[in-house]
Amino acid sequence: MAKYLLLKHYRGIPDPLPGTDSPMSEWTEQEVADHIAFMNTVADDLRERGEFVDAQALSPEGTFVRYDGEGRPPVTDGPFAETKDLIAGWMVIDVDSVERAHEAAAYLSSAPGKGGRPIHEWIEVRPFLTEVPTVTE
Amino acid sequence: MDDLLKVVGPQALGVLVRRGVDFAAAEDAVQEALLEAVRRWPDGEPDDPVGWLVTVAWRKHLDVVRAESARRRRELRDHVEPAPGPAQQQDDTLLLLFLCCHPALTPSSAVALTLRAVGGLTTRQIASAYLVPEATMAQRISRAKRTVAAEGVSGPGDLGRVLRVLYLIFNEGYGGDVDLAAEAIRLTRQLSAATSDPEAAGLLALTLLHHARRGSRFTPAGALVPLAEQDRALWDTDLIAEGVAVLQRALARDRLGEFQCQAAIAALHADAPTAGETDWPQVLDWYDELTTFTDSPVVALNRVVALAQVDGPRVGLRALEAVPDDVPRRTAVAAYLHARAGDLRTAGRLYAEAARQAASVAERDHLTRQAARLHGA
C-alpha cells in the first residue's frame, strides 16, 4: 500500500551490464516485437495483481522553460536537453513493500533484447511521498 | 386489414409509452394485441380499433408485469431463505472478518477485501480512498476472493491478524470521499462487540482516542501541528471519554496486550489539559510495558522521546544510540533532542537531514520549517 515510480531513462543511468548495450536499432524486427510484447505482459501482470496505477512513455525531445519577468514571454532553451539524464517513461505501481517494488522493477528490467537475452536495463525506483499516518507519538 | 393494423398499431404503442410503459415492453404488448386482432377482427371489426388495441395491449402488459414480479418473489424467497436444518448460533460478521483477513492474503488485499465485504464500500470508493484506478482495485478484490475461495477456512481465525488489518485501515491516509479512519472504528466496534477479547477493546480505545484529536493535527492550510502545539480545545471530549471507558474495562480484564498499552499512552496524552502537564513518568512506564510485547524499533524510538521528557535530552540522546539508524523519524527525534539540549547548530543540520528523509509532504514541510527556524537562530 505504498506507491512507487518506476523510471526508465534514455540516458544518465549507471553503466550497463557488459554485452547488453546494443541499441534497439541493431535488433531484428522480431526481437523488437518480442521486447514490446514483454513490456505489455509486465503491465498486464501488474494489472492482474491489482498493483498497476499508471504508465506513460515520454518523447526524448523536451524544452526547458523559465519565467522571465512580468509581461515578458517565457524563456525557452532547447529543444536540446542539456542534462546528462533523460527520462523515457514511467510506470506507477501500488505495492505492499519496497521489496515487492524492487521485484516488479527487476521484472520490468528483464525484458528480452538482442538474441532474446534480457537487456538488464536499469530501472530507477522512487517512493511517493504519501499521507502522514495518524499515529505518530 | 393489414393497412389498418399498420396505422393503429403505432398509435396504440404511443398510448402505452405515454402511460409510462417501457418502450420494449410496450412493443411486445402491442404485438400480442395485434395477433389477437388478426384472429378476431375478420368476425367483426370494432367501432374504435385503436381503443380496442390499447385495452388488449394494456391487459397483455399487466399479465407480463404480474408474472415477472411473481417469479422474482419466488426466486428471492428461494435464494434468501436457508434450507431447513439446525440454525447456526454464531456471529457471521466475525467469520467474515476472519475470512477477509486470511493469512494467505497480502495486507493490501486483506484491507481491500475487508472494506468491500464487511465494510460494504463500493469498489470505486475503495479505489478513490487508496488513489488507484478502479480497475486495479477491482482486480485486487477479485484476486483476494479467488485466494480465499481456494484456501478456504482453516481452523479458527487469527484475531491478531484482523486487528492489524483494521489498524492498517485506520492509519491509512485517504484521498477519496470515504473516511477510512471512521470506517475502521465502525468495524472495530462491530468486532469488539462480537468478541470478548480485551485487545479488540484496546484497539477500539486506541483508535477512538487518536480520532478524537484529529481536528487539531493539521492547520486549515494542511500544515502538520505536533502534539505539544495542538489546540486542545479542538479535541473531541466525547470520543476521549468513550475511549478511556473502553480502555478501563479492557484493562480490568487483566490480559494486557500491545493495543491496550498504546491506548493507555494515547489516553495519558488526551488527559493532559496542557502539553506541559503530560504525565511523562506514566507514559514512560507504559512504553516499558509495550516493549515487553513488541521489539518494534518504532516503539523503541518513541520510548526515547518519553525518556527524554522524564530524564532530560542528554539521557534521551544516549538512549537514542541503541535505536537503529534506518528507523523512520530517528533523525527528527535526534534534531529535537539536540535543540532541547541547546545545541542549535547540530539540531538545525539534523532537521534539514530529517526533512530530506521525510515520507510525506506535510512532514517534510514541517521539518524544513524547523531547520529554517534554527538557521536564523
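- As annotated in an unreviewed UniProt entry, chain B is RNA polymerase ECF family sigma subunit from Ornithinicoccus hortensis.
- Its UniProt record, at the heading Sequence similarities (unreviewed entry), says of chain B: "Belongs to the sigma-70 factor family. ECF subfamily."

- Chain A is annotated in an unreviewed UniProt entry as YCII-related domain-containing protein from Ornithinicoccus hortensis.
- What UniProt states about chain A under its Sequence similarities (unreviewed entry) heading is, verbatim, "Belongs to the YciI family."

**Considerations on the UniProt feature "domain: RNA polymerase sigma factor 70 region 4 type" (unreviewed entry) in chain B**
- According to UniProt, the "domain: RNA polymerase sigma factor 70 region 4 type" (unreviewed entry) feature falls on residues 97–147 of chain B.
- Measuring from the first to the last C-alpha atom of residues 97–147 of chain B gives 15 Å, for a span that is 71% helix and 0% strand.

**Regarding the packing of helix H15 (residues 313–320) of chain B against helix H16 (residues 330–340) of chain B**
Residues and elements named next belong to chain B.
- Viewed as axis vectors pointing N to C, H15 and H16 meet at an angle of 155°, and their least axial separation amounts to 9 Å. When the axis of H15 is compared with that of H16, the two are roughly antiparallel. The way H15 lies across H16 gives a crossing that is left-handed. Along the contact surface, H15 presents Pro-313, Gly-316, Leu-317 and Leu-320, while H16 presents Arg-330, Val-333, Ala-334, Leu-337, His-338 and Arg-340.
- Looking at the contact of H15 with H16 residue by residue, the class counts come to 6 nonpolar, 2 polar and 2 charged.

**Some points on the interface of chain A and chain B**
- Counting from both sides, the interface comprises 21 residues of chain A and, opposite them, 38 residues of chain B.
- Overall, the association of chain A and chain B removes approximately 2,500 Å² of surface from exposure, summing both partners, and the carbon and sulfur fraction of that is 51%.
- Its salt-bridge partner being Glu-48 of chain A, residue Arg-143 of chain B comes within 2.8 Å of it at the nearest N-O pair.
- Viewed at the interface, chain B and chain A are joined by 11 residue pairs in polar contact (both at pLDDT 80 or more).
- Among the elements of the structure, helix H1 (29–48) and strand S2 (52–57) of chain A are those that each provide at least two residues to the side of chain A that touches chain B.
- Residue composition of the side of chain A that touches chain B, grouped by class: 8 nonpolar, 4 polar and 9 charged.

**Let's talk about the pattern of salt bridges**
All names here are of chain B.
- Counting across every chain of the model gives 24 salt bridges over all chains.
- Residue Glu-36 is joined to Arg-40 by a salt bridge in which the shortest nitrogen-to-oxygen separation is 3.4 Å. Here Glu-36 and its partner Arg-40 are both found in helix H2 (residues 23–40), 4 residues apart, which amounts to about one turn of the helix.
- A residue is classified by how much of its surface remains accessible, and Glu-36, at 13% relative accessible area, is buried.
- We note a salt bridge from Glu-68 to Arg-72, for which the minimum N-O separation is 3.3 Å. Here Glu-68 and its partner Arg-72 are both found in helix H3 (residues 49–80), 4 residues apart, which amounts to about one turn of the helix.
- Here Glu-68 falls in the partly exposed class, since its relative accessible area comes to 32%.

**Section: the sheet that holds strand S6 (residues 124–127) of chain A**
Residue and element names in this part refer to chain A.
- Strand order in this open sheet of 4 strands is S2-S5-S1-S6, and the pairing throughout is antiparallel. Each of the sheet's edge strands pairs with one partner strand only, and the pair in question is S2 and S6. Pairwise comparison of adjacent strand axes, ignoring direction, gives a mean angle of 20° for this sheet.
- Judged from the 5 bridges that link them, S2 and strand S5 (residues 86–95) form a sheet pairing that is antiparallel. Bridging from a neighbouring strand, Ala-55 pairs with Met-91 of S5.
- In this fold helix H2 (residues 98–109) packs onto strand S1 (2–11), S5 and S6, with an angle of close to 30° to the strand it touches most, S1.

**What about the packing of helix H5 (residues 107–117) of chain B against helix H8 (residues 159–171) of chain B?**
All names here are of chain B.
- Between H5 and H8, whose axes approach to 10 Å, the crossing angle comes to 85°. Looking at the two axes, H5 sits roughly perpendicular to H8. Of the residues in H8, those touching H5 at Pro-107, Ala-110, Val-111, Thr-114 and Leu-115 are Val-165, Leu-168 and Ile-169.
- Broken down by class, the residue content of the contact of H5 with H8 amounts to 7 nonpolar, 1 polar and no charged.

**A short note on a negative patch on the surface**
- Among the surface-exposed residues, Asp-22, Glu-27, Asp-28 and Glu-32 of chain B lie close enough to one another that they form a single negatively charged patch.
- In this fold, Asp-28 of chain B is placed in helix H2.

**Focus on the layout of surface pockets**
Residues and elements named next belong to chain A.
- Of the pockets and cavities examined, the second largest pocket occupies roughly 830 Å³.
- Along its surface, the second largest pocket is lined by 30 residues, and Lys-8, His-35, Met-39, Ile-119 and Glu-121 are the ones closest to its centre.
- Those elements that provide at least two residues to the lining of the second largest pocket are S1, H1, S2 and S5.
- In terms of residue count, H1 provides more of the lining of the second largest pocket than any other element does, 5 residues in total.
- Tallied by class, the residues present in the lining of the second largest pocket amount to 19 nonpolar, 8 polar and 3 charged.

Definitions and cut-offs
- Every residue gets a number counted from 1 within its own chain, in the order that chain's sequence is written.
- Working convention: letters from A go to chains and numbers from 1 go to ligands, in the order in which they are written.
- Two thresholds apply to this predicted model, a pLDDT of at least 70 for residue-level local features and 80 or more for giving and counting side-chain atom pairs, whereas whole-chain, interface and lining totals are computed over all residues.
- Computation of side-chain values covers all heavy atoms of the structure but excludes hydrogens and water.
- UniProt positions are given in the numbering used here, feature names are shortened, and annotations may be inferred rather than shown by experiment.
- By definition, any uninterrupted DSSP run of H or I lasting at least four residues is a helix, any uninterrupted run of E lasting at least two residues is a strand, and each is numbered from the N terminus.
- Axes, fitted as lines to C-alpha atoms, cover a helix only where it is in contact. Angles between the N-to-C directions of the axes lie from 0 to 180 degrees.
- Reported orientations rely on four angle classes, namely roughly parallel under 35 degrees, roughly antiparallel over 145, roughly perpendicular from 65 to 115, and oblique for the rest.
- Helix crossings get a hand from a simple test, with the near helix turned counterclockwise from the far one by less than a right angle marking a left-handed crossing and a clockwise turn marking a right-handed one.
- The contact criterion used throughout is that any non-hydrogen atoms of two residues lie within 4.5 Å.
- Classes in brief: Ala, Val, Leu, Ile, Met, Phe, Trp, Tyr, Cys and Pro nonpolar; Asp, Glu, Lys and Arg charged; the others, Gly included, polar.
- Throughout, the accessible surface (probe 1.4 Å) given up by two parts as they are put together, summed over both, is called the buried area.
- For this document, the term salt bridge refers to a Lys or Arg side-chain nitrogen within 4 Å of an Asp or Glu carboxyl oxygen.
- Think of a polar contact as two N or O atoms within 3.5 Å of one another; within protein, one of them needs to be a possible hydrogen donor and the other a possible acceptor, and neighboring residues in sequence only count if both atoms come from side chains.
- Residue exposure (1.4 Å probe, protein chains only): buried if accessible area is under 20% of the type maximum, exposed if over 50%, otherwise partly exposed.
- By this definition, two strands are paired if DSSP reports at least two bridges between them.
- By definition, no residue in a patch forms a salt bridge, and every one has over 30% relative accessible area; like charges are joined within 9 Å, nonpolar side chains (Val, Leu, Ile, Met, Phe, Trp, Tyr) within 5 Å.
- To measure how exposed things are, a 1.4 Å probe is used in the Shrake-Rupley method; for residues, cover is taken only from the protein chains shown.
- Counted charges follow a simple rule, with Lys and Arg positive, Asp and Glu negative, and His plus the chain ends left uncounted.
- In plain terms, the charge of a residue is placed at NZ if it is Lys, CZ if Arg, CG if Asp and CD if Glu.
- For each structure, a 1 Å grid was placed over the protein atoms alone; sets of points admitting a 1.4 Å probe that cannot get out are labelled cavities, open sets with protein on both sides within 12 Å along at least five of seven lines are labelled pockets, and lining residues have an atom within 4 Å of a point.
- Grid points are joined across faces, edges and corners, and a volume is the space filled by probe spheres set on the points.

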